[in-house]
Amino acid sequence: MKLFVVRMLYWVKNLFEDSRGLFSALGVESGDIVLEIGCAIGYHTLPLARIASPGKVYAVDIWEEGLAYLQHRTGADERIETICRGAELVELPPSSLDKVVCFDTLHDVPDFENAMIRWTGFLREGGKLLYRDPEIPADRIPALSKDKLHPEDTIEGIYVFLRQ
């Protein structure tokens, strides 16, 4: 039932949003390596993978059924790797990412302070965090990242932080 409801919500959302245009405006580029936190069924994952091609999207969530649905939709697409684990437990090489996407999820991460430090370490210098959350204001991000992420821009309600 949850899968059905989420699919319907994203279907409606897609009528009013242009995710591909949004991610292009936010600076996602061809060849980018992206970590998407809280991907659910892949509403943003697929547009990210199309733009970042031939790069890669690591799609992370703890919802097994949602990830299974995403895997079914993407088949053997090597540009997308699903990871079923808590976002604060993701393991990637340091300085290996161009972008981290965290929309409406940080407040659900049990240890979000350490998660933000971890994700910041995955970003290359000049990499970007694309961020929105209804409960944790964007002005907290610099402190949560130990002052390694700095505000760069706000586009369509998404905050862009630059890794320095």
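Structure shown above.
Residues numbered from 1 in each chain as written. Predicted model: local features only at pLDDT ≥ 70, side-chain atom pairs only at ≥ 80, totals over all residues. Heavy atoms only, no water.

(A) Region of the structure containing the sheet that holds strand E3 (residues 80-84). Reading across the sheet, the seven strands line up as E3-E2-E1-E4-E5-E7-E6 and stay open at both edges, with mixed pairing between neighbours. Two strands close off the open sheet at either side, each with one partner strand: E3 and strand E6 (149-155). The mean inter-strand angle of the sheet, taken between neighbouring strand axes irrespective of direction, is 20 degrees. The pairing of strand E1 (residues 33-37) with strand E2 (residues 56-61) spans five bridges and is parallel. Residue Ile33 lies in a different strand from E2, and its bridge partner there is Lys56. In the packing of helix H3 (residues 45-52) onto the sheet, contacts are made with E1, E2, E3 and strand E4 (97-103), and the angle to E2 comes to roughly 165 degrees. Helix-sheet contacts for helix H4 (residues 64-74) involve E2 and E3, and the interaxial angle to E3 is about 165 degrees. (Pairing = 2+ DSSP bridges. Helix = DSSP H or I, 4+ residues; strand = E, 2+ residues; numbered from the N terminus. Axes fitted to C-alpha atoms, helices over the stretch in contact; angles between N-to-C directions. Contact = heavy atoms within 4.5 Å.)

(B) Here's a closer look at H4. Buried residues of H4: Gly66, Leu67, Tyr69, Leu70 and Thr74, and no others. End-on view of H4: buried residues confined to an arc of 155 degrees, all on one side of the axis. Residues of H4 that are exposed and angled more than 90 degrees away from the buried face: Glu64 and His72. (Buried < 20%, exposed > 50% of the residue type's maximum accessible area, 1.4 Å probe, protein only. Arc of directions from axis to C-beta.)

(C) Expanded view of the pairing of strand E5 (residues 123-132). Here six bridges tie E4 to E5, and the two strands are oriented parallel to one another. Counted as the bridge partner of Lys99 is Lys128 from E5. Crossover handedness for the path E4 to helix H5 (residues 112-122) to E5: right-handed. Of the strand pairs in this sheet, E5 and strand E7 (residues 158-163) are connected by four bridges, and their pairing is antiparallel. When the sheet's bridge partners are listed, Leu129 is paired in E7 with Phe161. (Right-handed = clockwise from strand over helix to strand, strands pointing away.)

(D) Fine view of the environment of Ile117. You can see Ile117 is positioned in helix H5. For the pair Ile117 and Pro54, spaced 63 residues apart in the sequence, the C-alpha separation amounts to 27 Å. The residues touching Ile117, leaving out its near neighbours within four places in the chain, are Leu144 and Lys146.

Just distances and angles here, no functional claims.
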